[in-house]
Each structure stands twice: as structure tokens, then as C-alpha cells.
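What the coordinates show
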Amino acid sequence: MRLYLEFVKNAILANSTYRVNLFIRLLNRIIELFIFASIWKALYSGAAETTSNMGVISLNDMIMYSIISSGISVFISNNLISDISDKIRTGQIALDMIKPINFKAWQLCNVIGTNISGILLELVPVLVIGGLAFGFRVPEWKYLILFFISLAGGIAINFLITYILGILGFWFLEVSHFERLLQDLVKVFSGAWFPIWFFPKVLIGVSGYLPFKYIYFAPVSIYLSKVSIPGALSILVQQLIWIAVLFLIGEVLWRKGTAKLVIQGG
Amino acid sequence: MDPLVLFLRHASMSFKTWMEYKYAFFTNQFVQFFTYGTNYLGIWILFDKFDSMKGWSFYEVVFLYSLNLLTYGLSGFFFWSPMKQLGYMVQHGDFDSILIRPMNPFFHMIARNFNTSFFVNIVMAGIVFGICFNRLGIAWSPANIFWLVIFIFGAFLVQCSMFIFGGSLSFWVVNSSPFINTFIYGIRHFVDYPISVYDTVIRALLTFVVPYAFVNFYPAAYFLNKSDDMLFFPALQYATPLVGVILFLLAYKVWSIGIRRYESTGS
């Protein structure tokens, strides 16, 4: 356990080193937040609220939606896919496999460490600037607790999906295309971009078969109290089911991948 | 040798390289198609629910977005790779090899590095743009065609200049890539939507400081008769070509200063 804590600490330090990258990422998030706040205002065109298939949604809800999902995005972007596939392509993975550590747990520690450093350096500035510019509201404690649990679930789902794409590197030389496709799918079907309650019926149907909405949409709609408490609990159960399914896929692929792995030279 | 002949030789060499990597070529096209198709899908989602965005209809916003995408694709074809690679080349001293060639380094960098991934952007944006032109009932009159060509050229120069400004920073900072990203994946997104949705400060910034608004908003204002749509001066809707040329000259100046600085540090 102490060993893994060291990995977390290392990732925190590594992430804090690249200050310019951090600053630029923050700047892009703030820009995006202002774009979203402005287009929601323009689309509502003076009306305070509109109806959706999940009840009445006010303009304030939408602005809060943008702030919270911008905050969640701090925990969702990671380099896991390229890190893992690079290790496989270069053969570095062979050295990692003979270390007395669990590869997946090690990668998880990297992600956790990166996320922890992101809290202070990225999340807090986004929330403070967003809150000062547009106002901020906190739900009642029951929803807040459920929100944090579903957020953790969403981060786990994102970790497992990116881990699976990374180890596809056992079969494909180049996985960066999959990464691009994943980003686009996540952008639409996670609700990171526009909430699913404004989607046309067809796309709501599609999003039901995909795990992506549990990354952004589910936690934010819990935060905004747009689901009942039993509804929120059922979301958590569905997240658990997806986590179990993705975990199993990851394990199977890892076994098959390492079994066929041949490192040339080295 | 004539610089133009040299440029064309390089271009034909790049073309042969792409033909060697057909699989990569087509997967790149598919991925680009998917990404930018997704962005069109996003506009459709918004307008499925809402009727208008500050008086702009679905086709008007698609028109606006396509103009941005088309000129971004055109400029990316020439400048994406050279400007993204410049940082690495300066760091590793590879840029020296560009300086000793009997060709202007600027044109040499472009000629050896066309980025074919942008083909699909250009084709897709061009087709969608044409559809919007018809849907919005804009006449294909000689005057409109004249302004269309001029505006696209001006907007293309604005987009190129942003790449050059960002890339030229490599001569001053270790890694210029984040700065280019801020331009093309950050600030540029402001003009995915009509800038009349933003408050005056942001509109002024996008007009006078980082003039992305000339890429699509002001030209679109001309075609869609939006001159009452809170423009600072109505004449700005004709200013895209002028802004493009000035910005491009300025960007080239920054590039030249950067090269001189690179030479003086020696490595």
C-alpha cells in the first residue's frame, strides 16, 4: 500500500511541474465556460426556463450545469491511452510486467495523483472564476453525497474505458485514432457538451446503450437535483454494473494481450 | 532554381509519400470526418430544442460554422504540421538543416509538410456551405461570388496567421504547442457561434485583438444581412480581406524576427 501511495505522490509532483500546460488547460476551460454561459443565455432569449424531457430546466440550471461539468472535466482528461499503448509499442511494458506491482493499480495511482493535483491547480480556479462570474449553488447534503459517489463512479468508468483502449495497443500499432473517436463519442453522449435532457429522442435512445452518460450527465443531474433520491440510487447501481462489465473486459483483454505479447530485441 | 519549381517539386514529393501510406491517409480522413461531423450534430441538437440563437437560425449558424471549418481546413493543410513541428525542430537543432537550404525557410517548411488530414474538412465544409447558401436563398450573383472568394481568402489568411503566431513562439519558448492549441482549440471556438451572443468586451477582443470574428462572423453578416446585429461599424463586414492581409504580414514579420533570434543564439 505504501508503495502505491508513493506512485500517487509522484504523479502529483509530475503533473504540477508542467505549469504552462496547466495554465493553458485552465484558460481553455474558462473560455469554454464563457462560451457555454453565453450560448445558453442566447438560446433562452430572455425566458427564465424551458421544459425538457426531465422537467423544467432554468437558465440558472444550465449555467450551473456548465460550471459543474467543466469541473468534472478536470478529472476526466488523462494520458492513459497514449501512455499504455506507447509502453506496449516500445516494449517498455515487458520491464513493467516483471516489477512486483499490479500494472493496472499502478496506472490507477497515476490517474489518482494527477486528479489530486488537478483539484488545487485546475478545479478550484474553474469553480472560483465560474462562481464569481455566474453565481454558484450547492444542493442539499443528501444530493451532495450522492453526487460525490456518482462522480467517483464516473471517474472509474472513464478510467476503465481509457485503460481498455490503451491495452488495445497489444493488437494495434496506432491507437490514437480510437482515442479521437472516443473523445468525440464522450463529448456527445456523456452530456459534457449539451445535457441529454435536450436531446432528440433518437439520441436519447442511443445514449441509453452507452456508458458515457454516467461520466458527466448522471453526476451533474444529481447535483442539480433533477432526479429523485431513488432515481439517483438507481443511477449508482447502473454505474456499478458498467464498472463490473468494463472491469471484466479489461481483465480478459489484458490476459489475452500479455499472452500474445512478443517483445523483439530489447 | 526557381523557388516556385522547388516548391512544386516538394509538393509532388509529399504527394508520393501520402500514396505510400494509404491506410493512414484514409483512417485520418475518417477520424476527421467523425470529429467535425460530431460538431455539426451538436448544432442540430441545439436547434432541435431551441428555435434561434440571438436571431440566428439553424442554417445561419451552420453557414457560420462551415466558413470557420473551411478556412481552418485550408490553413491547416499548409500550416498545421510545420508550425506544430517547429518547436521540436528548434529544440533539437533540426531547424538548422532548414536554414542552410537554398530556399526561403518559410516556404520550405510549408512545402515539406502538407497535412492531408484536412482534405475532408475542406470537402465537408465546402459541401455544407454550398447547401446553406441555397437553403438561405443567397443569390449566386457575380457580386456575391466575388465577395465570397475574397472573404474566404481573407479568412484563410487570418487562420494561417494564428498558426504562424503560435508556431513562431517556438523561437522564444521551449514548447509552443500549448499556445497554438489555445488559439485553434480554445479561442477559435468562440466563433463557432455568432459573436453577438457574447458581451461587448469579448466581441471587441474577437474583433480588435484576436480577430477571429473576421473569419466568419463579419463575412456572414454581409451575406445574411445582419448589419444591424450589433456590429461596431457596419463597414467591418467588408474588412476581412484587409484584416487578413495585414495580419498575415504581421505574422510573417514575427516569424522573421524569430528566425533572426534563432540564428543569433547559434544552437
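Conventions we followed
Residues numbered from 1 in each chain as written. Chains lettered and ligands numbered in written order. Predicted model: local features only at pLDDT ≥ 70, side-chain atom pairs only at ≥ 80, totals over all residues. Heavy atoms only, no water. Helix = DSSP H or I, 4+ residues; strand = E, 2+ residues; numbered from the N terminus. Buried < 20%, exposed > 50% of the residue type's maximum accessible area, 1.4 Å probe, protein only. Contact = heavy atoms within 4.5 Å. Axes fitted to C-alpha atoms, helices over the stretch in contact; angles between N-to-C directions. Parallel < 35°, antiparallel > 145°, perpendicular 65-115°, else oblique. Left-handed = near helix turned anticlockwise from the far one by under 90°. 1 Å grid on protein atoms, 1.4 Å probe; cavity = no way out; pocket = protein on both sides within 12 Å on 5 of 7 lines; lining within 4 Å. Points joined across faces, edges and corners; volume = space filled by probe spheres on them. Nonpolar A, V, L, I, M, F, W, Y, C, P; charged D, E, K, R; others polar. Salt bridge = Lys/Arg side-chain N within 4 Å of Asp/Glu carboxyl O. Buried area = accessible area lost by both parts, 1.4 Å probe. Polar contact = N/O pair within 3.5 Å; in protein donor to acceptor, adjacent residues only side chain to side chain.

**Overview of the environment of Y23 of chain B**
Take Y23 of chain B: it is sitting in helix α2 (residues 22–49). Classification of Y23 of chain B by relative accessible area gives exposed; the value is 66%.

**Some remarks on helix α8 (residues 177–186) of chain B**
Count 3.6 residues to each turn of an α-helix, and residues three or four apart come out pointing the same way. For α8 of chain B, the full list of buried residues reads P178, I180, T182, F183, I184 and G186 of chain B. The inward-facing, buried residues of α8 of chain B contact α2 (19–44) of chain A together with α3 (58–92) and α7 (142–168) of chain B.

**Some words on the packing of helix α3 (residues 59–76) of chain A against helix α7 (residues 141–167) of chain A**
A pair of packed helices is characterised by two quantities: the angle between their axes and the separation of those axes. Residues and elements named next belong to chain A. Taken N-terminus to C-terminus, the directions of α3 and α7 make an angle of 45 degrees; their axes are 10 Å apart at the nearest point. Looking at the two axes, α3 sits oblique to α7. Between α3 and α7 lies a crossing of right-handed hand. Contacts between α3 and α7 involve I68, I72, F75 and I76 from the former and F147, L151, I155 and N158 from the latter.

**Here we look at empty space enclosed by the protein**
Residue and element names in this part refer to chain B. In the structure shown here, the tally under the stated rule is 1 cavity of 30 Å³ or more. Of the volumes computed, that of the largest cavity is approximately 30 Å³. What lines the largest cavity is Y36, N39, Y65, L69, R188, H189 and D192. Listing elements by their share of the lining of the largest cavity, those giving two or more residues are α2 and α3. Per-class residue counts for the lining of the largest cavity are 3 nonpolar, 2 polar and 2 charged.

**Concerning unusual backbone geometry**
Even without a glycine there, the phi angle at S45 of chain A is positive, about 35 degrees. Topologically, S45 of chain A is positioned in the loop between α2 and β1 (49–52). For S45 of chain A, a relative accessible area of 58% puts it in the exposed group. Unlike most non-glycine residues, K54 of chain B shows phi in positive territory, near 50 degrees. Mapped onto the elements of the fold, K54 of chain B is located in the loop between α2 and α3.

**Describing the pattern of salt bridges**
All names here are of chain A. Counted under the stated rule, the structure contains 11 salt bridges over all chains. Across the pair E6 and K9 runs a salt bridge, and its minimum N-O distance is 3.9 Å. Here K9 and E6 lie together in helix α1 (residues 2–17), a separation of 3 residues that amounts to about one turn. Taking the relative accessible area as the measure of exposure, K9 reaches 46% and is therefore partly exposed.

**Points about the interface of chain A and chain B**
How large an interface is tends to be reported as the accessible area lost when its parts come together. With 29 residues of chain A at the contact, the number on the chain B side is 32 residues. Where chain A abuts chain B, roughly 2900 Å² becomes buried across the two surfaces, and 75% of that area is made up of carbon and sulfur atoms. If you sort the residues of chain A by the area they bury against chain B, I35, L43 and H177 of chain A come out on top, with a joint share of 19%. Remark: the boundary between chain A and chain B carries 0 salt bridges. Along the contact surface separating chain A from chain B lie 7 residue pairs in polar contact (both at pLDDT 80 or more). Within the residue set of the side of chain A that touches chain B, elements represented by two or more residues are α2, β1 and α8 (176–189) of chain A. Tallying contributions element by element places α2 of chain A first for the side of chain A that touches chain B, with 14 residues.

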